[in-house]
Amino acid sequence: VVSHPCERPLCSIPLSAPPHSYFQPPPVNVGDFFDAEENITHQILFLVGGLVTKKRMPRILALQVLASVILLSAVHVHPFAPAVRPLLRNHARAFPASPPTTLALLNSQKDLRPALTSLTSLNFEKGDGEDGEGENGEDSPGEEGGVKERILVLFNRSKNLFERWKIPALSFFAGVVMTVGSIFLPIFGPGGEAEKFTEPVTLFSSILTDLDRTYVDPVDTKKLFETGVSAMLNSLDPYTEFESRNEAADMRESVSGKYGGVGLVISGPIKSGAVENEVVGDGDEEGSEASKDPKKKVEVRVVNAMEGYAYDAGMRVGDRILAVNEKSVDGLTAEEVRNELRGEPGSKVDVSFTRDGVSGVNKIAIERQIVKLRDVKLTTFIGKASDAIGYVQLQGFTQDAGNEVRASITALQKVAEKESSSGKLEAMVLDLRGNPGGLLTSAVDVASLFVPKGSDIVSAKGRGFPSVIYRSKTNPLLSPDTKLVVLVNGGTASAAEIVSGAVQDLDVGVILGADRTFGKGLVQNVEELPFDTALKYTVAKYFTPSGRCIQSTNYEEGDKSMKNYKATSVKAGDRVDFKTRAGRPIKDGGGIEVDIKVPPPKASALEVAILRSGVIDKFAAQWVSKNEIKAGFKVTNEMYEDFQTMLQKEEKSGKISSLTSLYAAPLETLQRQLKDSGYSGSVSELKSLRANLRKEMSSDFKKYDEDIKEDIANSILSRYLPESMIIERGLKTDKQVEAAVKLVKNQDKFDTLLARARGSGGSGIVRERNLADSGGSGKDEDDGGVLPKLSLNF
């Protein structure tokens, strides 16, 4: 027995019943379906079931079924269904018994073609005063006569059909009109969405067309379009951008952290024959800014050779690339050389280069690989391994950032179990200084390694973005007994601030740094566009576990009078007070404020000028060509004097800018203003000011000799050692790392600091309250919203 969802028997015919029993359903009024607010699919299937019958099915029944379907559809799609439903219900009750269910019919009816035939015929059975159908299905005219009689019969049939279907047809038509109107009138009506977009799009298209056809000189409409779109998006905020084909490809690679290449970061000219430098990697990894020589063409030099790839193949920092696959790089930009180095993984590329201190041209065949840009640059122990103080430097948040940090913590824990007296990792320093951020999901993955299970990590909310809360769904990998210190600075932004905020709000570690982080609390979505382009735009703000947004700058849409967006910093008086889990006061806006302030050593004006000039790299290349490096290498006083001599020669010859170039622009502006004002005496004093400035900067050679010597040593050692060893060497003189080590070694101070956050009276132990069900997922969505599949960036 097959029953309708309203639990009223519709057909009591066994599925094995003979075909003739199909026309024996119990009497059921179609109007009853309007009383049972059930799924329209079941209702329509029930009625349409009457169509799947033999050829002998009465045509009037088929028409009644179709009328009922139309009525039901009108009721469910009509925007004012509750008002018109009683009228349609009364009309529907006038129909005779409905046909059997579709399920019973489909199990016995093998051929559906007869049902279709019955629908296409307009003949009626005899007995209604109309023509019937013969035994063999042939038409038998009810009246004999000529053409007039047949026309009269057709007219009568049409009249009867109109009378029978008048109310259903009008009801259905009214429902369609009102439904379509309610949907499209707000869009295409006066002041609707379509009008709002049609005018600017039409104007933009017309302007491009006119410029392309009649501008005095030929124009590149593609460039004009990109310029216009970029200007439009730049009026919103600095993170909303249109990505061209190449930019979109680069962005996808930076997000995935993988590409096909050899693992080199190079510097070279921006334009063919230009003298300005551009630093690019064949995988878009950033390198340090190279020098600029206003009189000499820039060579293509290696800025970094990645470990496991180009470094292992034999390339080193400072190598000058001459040709790629026998193709000279003269006249090529850095980006064009990068494209030559890229290629299908497994293929080989021949790189010809020269090296300082090595005679002749060197040639290496490097096999292209899937190069993984690692987010974790260094994993090591600070001091002795027996002290069990781990260090992890995290420089980004690509797709595999969580896995890399997880592997680093596991490796440190395994070594600590063997080397330390306690048999465990005593402390860990997570270095997020200079980390610009990355993917939201990677930030959540990294934070879950430190925070308790069930803890809120981050939430996001936007005007068109569904509110979502991410929670940790696993136990932390780092033991609660392991002391955690997170290093931050002004370059710590976005996803790195999510991790820092979660650690601080949940009181699981100490934030140490100079002052506060960057303060970027905005979420960007990357929308794929036609022609392999993309749109990156801001869709939401994110909030730390305490509910604060750490966005430090408010952006307002610009207008014609403003080239860009309007940016205003969050005022101190506008910052709202929040509390950590244990009640420690914190504030929103302005980034993550550190728990312990340790100012880093400030670079002197002399050191900055020397680094910008590029003379250190030139000195290192010269020294390497004449000397050999030995164990325990360090820059001697004799080497330091040779460097100063070389610097003076380069400055006098004009090969590098004057060391006072840092102040050149403001001094020239002041001189021009003084001349315009007629203050000739003050102008002459500026000359003596420049001379005195140069003397004072020269005296800084002795004052800051240790810092400058360290820069020289790193430049020389980078030609022999991989990047990770250079970073590890720098930890020995890092003041903030030293402060972190002192903090974790001072158990009383560390416990006292976190006792305020944990409310444990100095014990440093707290029982975390569970914020989510143990069986919950890693994210919660408000109002049943579904998080769209977005590529979120920070």
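Residues numbered from 1 in each chain as written. Predicted model: local features only at pLDDT ≥ 70, side-chain atom pairs only at ≥ 80, totals over all residues. Heavy atoms only, no water.

Quick look at the overall build of the protein chain
1) Next: Scanning the protein chain from terminus to terminus reveals 24 helices and 30 strands.
2) Next: A separation of at least 24 residues holds for 69% of the contacts in the protein chain among residues at least 6 apart in sequence.
3) Next: On the protein chain, roughly 42500 Å² of surface is accessible, and the fraction owed to carbon and sulfur atoms is 53%. (Helix = DSSP H or I, 4+ residues; strand = E, 2+ residues; numbered from the N terminus. Contact = heavy atoms within 4.5 Å. Areas by Shrake-Rupley, 256 points an atom, 1.4 Å probe, with all protein chains shown as cover.)

As for the pattern of salt bridges
Close approach of charged atoms allows side chains with opposite charge to pair.
1) Next: Scanning the model with the defined rule gives 28 salt bridges in all.
2) Next: Here Lys327 ties to Glu340 by a salt bridge, and the two come within 3.3 Å at their closest N and O atoms. Here Lys327, found in strand S11 (residues 327-328), pairs with Glu340, found in helix H12 (residues 334-341); they are 13 residues apart in sequence, far enough to count as distant.
3) Next: For Lys327, a relative accessible area of 42% translates into the label partly exposed. (Salt bridge = Lys/Arg side-chain N within 4 Å of Asp/Glu carboxyl O. Buried < 20%, exposed > 50% of the residue type's maximum accessible area, 1.4 Å probe, protein only.)

Here we look at the nonpolar core
1) Next: Counting 49 residues, the largest nonpolar core has Phe397, Met428, Leu430 and Phe450 as its most contacted members.
2) Next: No other element matches helix H15 (residues 495-505), which puts 6 residues into this core.
3) Next: Dropping the residues within four chain positions of it, Met428 is found in contact with Gly390, Val392, Ile409, Phe450, Leu478, Thr482, Lys483, Leu484 and Val485.
4) Next: Counting residues in each nonpolar core, the second largest holds 26 residues, with Leu606, Ala609, Val635 and Phe643 among its members. (Core = buried A, V, L, I, M, F, W, Y, C linked by side-chain atoms within 4.5 Å.)

Structural notes on a nonpolar patch on the surface
1) Next: A surface patch of nonpolar side chains, amounting to about 200 Å² of accessible area, comprises Phe172, Val176 and Val180.
2) Next: Relative to the helices and strands, Val176 resides in helix H7 (residues 147-188).
3) Next: The partly exposed category is assigned to Val176, whose relative accessible area is 33%. (Patch = residues over 30% accessible without salt bridge, like charges linked within 9 Å, V, L, I, M, F, W, Y side chains within 5 Å.)

Some thoughts on the sheet that holds strand S17 (residues 427-431)
The strands making up a sheet are joined through hydrogen bonds of the backbone, oriented either antiparallel or parallel.
1) Next: Judged by pairing direction, the sheet is mixed, and its 6 strands sit side by side in the order S15-S16-S17-S20-S21-S28 without closing on themselves. Each of the sheet's edge strands pairs with one partner strand only, and the pair in question is strand S15 (376-381) and strand S28 (596-597).
2) Next: Pairing geometry for S15 and strand S16 (residues 389-394), over 5 bridges, is antiparallel. Residue pairing in the sheet places Val376 in a bridge with Leu394 of S16.
3) Next: Sheet contacts for helix H13 (residues 401-419): S15, S16 and S17; angle to S15, the most-contacted strand, approximately 10 degrees.
4) Next: Sitting on the sheet, helix H23 (residues 735-745) touches S16, S17, strand S20 (483-488), strand S21 (510-513) and S28, and the angle it makes with S20 is about 160 degrees. (Pairing = 2+ DSSP bridges. Axes fitted to C-alpha atoms, helices over the stretch in contact; angles between N-to-C directions.)

Looking at the packing of helix H18 (residues 637-653) against helix H21 (residues 705-717)
1) Next: Remark: H18 packs on H21, axes separated minimally by 11 Å, with the N-to-C direction vectors making an angle of 90 degrees. On the basis of their axis angle, the class for H18 and H21 is roughly perpendicular. Counting all contacts with H18, which are made through Asn637, Met639, Tyr640 and Phe643, the residues of H21 involved are Asp705, Ile708, Lys709, Ile712 and Ile716.
2) Next: For the contact of H18 with H21, the residue count by class is 6 nonpolar, 1 polar and 2 charged. (Parallel < 35°, antiparallel > 145°, perpendicular 65-115°, else oblique. Nonpolar A, V, L, I, M, F, W, Y, C, P; charged D, E, K, R; others polar.)

Let's talk about H18
1) Next: An ideal rise of 1.5 Å per residue puts 24 Å on 17 residues; H18 measures up with 25 Å between its terminal C-alpha atoms.
2) Next: Residues of H18 that are buried: Met639, Tyr640, Phe643, Met646, Leu647, Glu650 and Glu651. Along H18, the residues classed as buried sweep out an arc of 130 degrees about the axis, all on the same side. Along H18, exposed side chains directed more than 90 degrees from the buried face belong to Asn637, Glu638, Glu641, Lys649 and Lys652.
3) Next: Buried residues along H18 sit against helix H16 (605-613), helix H17 (615-626), helix H20 (680-703) and H21.
4) Next: Remark: Gly654 follows H18 within two positions and exhibits a positive phi of approximately 85 degrees. (Expected span 1.5 Å × (residues − 1). Arc of directions from axis to C-beta.)

A closer look at H17
1) Next: With 12 residues, H17 should cover 16 Å at 1.5 Å per step; its first-to-last C-alpha distance of 17 Å lies within 8% of that length.
2) Next: Along H17, the positions that sit buried rather than exposed are Val615, Ile616, Phe619, Ala620, Ala621, Trp623 and Val624.

Let's talk about the packing of aromatic side chains
1) Next: In this structure the tally under the stated criterion is 6 aromatic pairs.
2) Next: A ring pair is formed by Phe204 and Phe225, whose centres lie 6.0 Å apart and whose planes are at 65 degrees; its orientation type is edge-to-face. Separated by 21 residues along the polypeptide, Phe204 in helix H8 (residues 193-214) and Phe225 in helix H9 (residues 221-234) bring together distant segments of the chain.
3) Next: On the basis of relative accessibility, which here comes to 34%, the residue Phe204 falls in the partly exposed class.
4) Next: Their ring planes at 90 degrees and their centres at 5.2 Å tell us that Tyr555 and Tyr565 sit as a pair that is edge-to-face. Taken together, the positions of Tyr555 in strand S24 (residues 553-556) and Tyr565 in the loop between S24 and strand S25 (566-569) put the pair 10 residues apart, joining distant regions of the chain.
5) Next: Here Tyr555 falls in the partly exposed class, since its relative accessible area comes to 24%.
6) Next: Look at Tyr565 and you get partly exposed, because its relative accessible area is 24%.
7) Next: Through a chain of ring-to-ring contacts, the aromatic side chains of Phe204, Phe225 and Phe242 assemble into a single cluster.
8) Next: The lysine or arginine in question, Arg316, covers the ring of Tyr311, its NZ or CZ lying 3.8 Å from the ring centre. (Phe/Tyr/Trp six-rings, centres within 6.5 Å; stacked < 30°, edge-to-face > 60°. Lys NZ or Arg CZ within 6 Å of the ring centre and 35° of its normal.)

Focus on the confidence of the model for the protein chain
1) Next: Looking at the protein chain, pLDDT values average 76 and 71% of them are 70 or higher.
2) Next: Every residue in residues 50-60 is under pLDDT 50, and counting partners more than four places away or in other chains gives 38 contacts.
3) Next: pLDDT under 50 marks residues 756-794. Its contacts with residues more than four places away, or in other chains, come to 90 contacts. (pLDDT = per-residue confidence, 0-100.)

With respect to the environment of Ala603
1) Next: Tracing the backbone shows Ala603 in the loop between S28 and H16.
2) Next: As a C-alpha pair, Ala603 and Asp707 span 104 residues in sequence and 8.1 Å in three-dimensional space.

Quick look at the environment of Tyr309
1) Next: As for its position among the elements, Tyr309 is in the loop between strand S9 (301-305) and helix H11 (310-313).
2) Next: In contact with Tyr309, not counting residues within four places along its chain, are Val262, Gly263, Gln369, Ile370, Val371 and Lys372.
3) Next: From its side chain, Tyr309 meets the backbone nitrogen of Lys372 in a polar contact 3.1 Å long. (Polar contact = N/O pair within 3.5 Å; in protein donor to acceptor, adjacent residues only side chain to side chain.)

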